[in-house]
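What follows is each chain in one-letter form.
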Amino acid sequence: MQIIITEEYPKMSLQAARFIAKKILAKSNLVLALPTGNTPLGLYCELVRMFKEGLIDFSEVAVFNLDEYLGLPPQHPQSFRSYMHKHFWDHVNLRPESCYIPLSSPKNPEAECSRYEQLIGSYGGLDLAVLGIGENGHIAFNEPGTPFESLTHVARLSPETRAREASTFGGLDKVPTHAITMGIKTIMHAREILLLASGEEKASALSRSLKGPVTPETPASILQLHPNLIVIADSLAAKQL
Ligand code: PGA
């Protein structure tokens, strides 16, 4: 495990973008898993900037989102598909057919999970999974208690995760109850993992995940057993390390 602590959020974002840029320069057809949320917003800004400056070429890269809410129309402003279009996909030269995210309204959610897992497999697996971390230690929508053996599956969102999203959805009752998420095993099979954490509210989860016992009660704790884990945290998130 390598832990890089940066002073502030913008530096964390820049370091993360440089890390990804280096990987793409070394392997033009890199297969990435990508997160949504507040944490990676700066990272996407930096990647877009680097693309516009001619530093990175995404034309052969494939990207798989970690998760998507269930039950929202794809164009819903809070869907992760909308987020990815807005913050990343539409601003770089990724081929649309190489941008993957689970369907938010599949007829058969279980079949959609298998399809997604197979799609990742058809690319030979993930080269690099970029992750954020929840205050409860979740990674993607793998909430506390999720078995480490899980593949892409339908997950029930925890009450704290739903409560955190209530204001962006305009009320708790509007927050989806379920999502499709890559499983912990799907993520652990990535050849390399980049975990990002920013802000004091992540300090406890980050320290429990990196220094505490490996337990499904703290899903990110499994990352301690990954052979190639890089953590980039700003100083507030790293406070308890
Ligand atoms: P955040 O979410 O980046 O919005 O803090 C991270 C997560 O919950 O996984």
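Described below are features of the structure shown in this document. These numbers come from a predicted model, not from an experiment.

Criteria and cut-off values
- Residues numbered from 1 in each chain as written.
- Predicted model: local features only at pLDDT ≥ 70, side-chain atom pairs only at ≥ 80, totals over all residues.
- Heavy atoms only, no water.
- Phe/Tyr/Trp six-rings, centres within 6.5 Å; stacked < 30°, edge-to-face > 60°.
- Helix = DSSP H or I, 4+ residues; strand = E, 2+ residues; numbered from the N terminus.
- Buried < 20%, exposed > 50% of the residue type's maximum accessible area, 1.4 Å probe, protein only.

Focus on the packing of aromatic side chains
Tallied over the full model, the rule gives 12 aromatic pairs. With a centroid separation of 6.3 Å and 75° between ring planes, the pair formed by Tyr 44 and Tyr 83 is classed as edge-to-face. Of this pair, Tyr 44 sits in helix H2 (residues 41-52) while Tyr 83 sits in helix H3 (residues 80-87), and the two are 39 residues apart along the sequence. Each member of the pair, Tyr 44 as well as Tyr 83, carries the same accessibility label: buried. Summarising the aromatic geometry, the rings of Tyr 44 and Phe 88 are spaced 5.0 Å apart at their centres and angled 25° between planes, so their arrangement reads as stacked. Residue Tyr 44 is found in helix H2, and its partner Phe 88 is found in the loop between H3 and strand S5 (99-100); the two are separated by 44 residues along the sequence. For Tyr 44, a relative accessible area of 0% gives the class buried. We classify Phe 88 as buried; its relative accessible area is 0%. Clustering of aromatic rings is evident, with ring pairs tying together Tyr 44, Phe 51, Phe 58, Tyr 83 and Phe 88.

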